[in-house]
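Chains, contacts and geometry: an overview
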Amino acid sequence: KALQRVFRSFVVTLSALILFVALTYNPSKPVLGKWADDIGIWTKDRIFLQTVQWKRERTLHYMIAEQVPDDATLGVYVPGYLLEYLLFGPHFTRHVVVIHPLERLRDTDWLREQHLTFLLLQPADPALLPPFCEEAARRGQYLLAHCIETEP
């Protein structure tokens with residue numbers, strides 16, 4: 001019985017220590033302490049908090065939130081890594097179509113079948129735009145286009 005009591009005390013103490021450290025020193029989602037004060041999680045918006053560790057994509061996701069309606073269909077051609085779950089919008093109502101490989105971007109019939117209303121490209125090269133899309137905004141290496149005619 002004494003051994004069980006010591007073991008329980010050890011587990012409870014270790015659990016409390018882990019909880020304390022996670023709340024005060026977690027740089028990805030800080031709740032208390034210096035990190036929370038520096039980042040200001042209690043005053044920041046959803047996009048800021050979801051990009052705490054991906055600062056280079058923050059302006060991209062703000063651009064999409066400002067330009068693309070929540071019920072739109074967004075085509076995405078971004079070779080490499082991108083935080084895709086942010087593209088679906090705050091309530092996951094935006095439809096996202098990943099365009100891969102690059103040849104699909106040149107297939108206007110396929111693109112029209114997807115009923116795209118917006119298109120996100122990296123690199124930000126207007127020469128890659130299909131004829132029925134026009135540039136709407138640009139942030140760094142990303143280009144956002146509004147697709148006018150999505151019906152064949």
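Heads up: these notes are all about the structure in this document. (Residues numbered from 1 in each chain as written. Predicted model: local features only at pLDDT ≥ 70, side-chain atom pairs only at ≥ 80, totals over all residues. Heavy atoms only, no water.)

**Quick look at the side chain of threonine 73**
Along the chain, the position of threonine 73 falls in strand E1 (residues 73-77). When residues no more than four places from it in sequence are discounted, the contact partners of threonine 73 are His95, Val97, Gln114, His115, Leu116, Thr117 and Phe118. (Helix = DSSP H or I, 4+ residues; strand = E, 2+ residues; numbered from the N terminus. Contact = heavy atoms within 4.5 Å.)

**What about the pairing of strand E3 (residues 118-121)?**
Covered by surrounding structure in E3 are Phe118 and Leu120 together with Leu119 and Leu121, the residues of both alternating faces. Relative to E3, E1 runs parallel, the two sharing four bridges. Paired with valine 76 across the strands is leucine 120, a residue of E3. For E3 and strand E5 (residues 142-147), the ladder comprises four bridges, and the chain directions are antiparallel. Looking across to E5, one finds that phenylalanine 118 is bridged to histidine 146. (Buried < 20%, exposed > 50% of the residue type's maximum accessible area, 1.4 Å probe, protein only. Pairing = 2+ DSSP bridges.)

**Notes on the environment of phenylalanine 20**
Summarising the element assignment, phenylalanine 20 is placed in helix H1 (residues 2-25). Taking the relative accessible area as the measure of exposure, phenylalanine 20 reaches 48% and is therefore partly exposed. Note: C-alpha distance between phenylalanine 20 and glutamate 66 (46 residues apart in sequence) is 37 Å.

**Looking at the state of the cysteines**
Under the definition given, this model contains one disulfide. The residue that forms a disulfide with cysteine 133 is cysteine 147, at a sulfur-sulfur distance of 2.2 Å. Between cysteine 133 and cysteine 147 the disulfide shows an S-S torsion of about 95°. By sign, it is right-handed. Placement of the pair is cysteine 133 in strand E4 (residues 133-139) and cysteine 147 in strand E5, with a sequence separation of 14 residues. Accessibility assignment for this pair places cysteine 133 and cysteine 147 in one class, buried. (Disulfide = S-S within 2.5 Å.)

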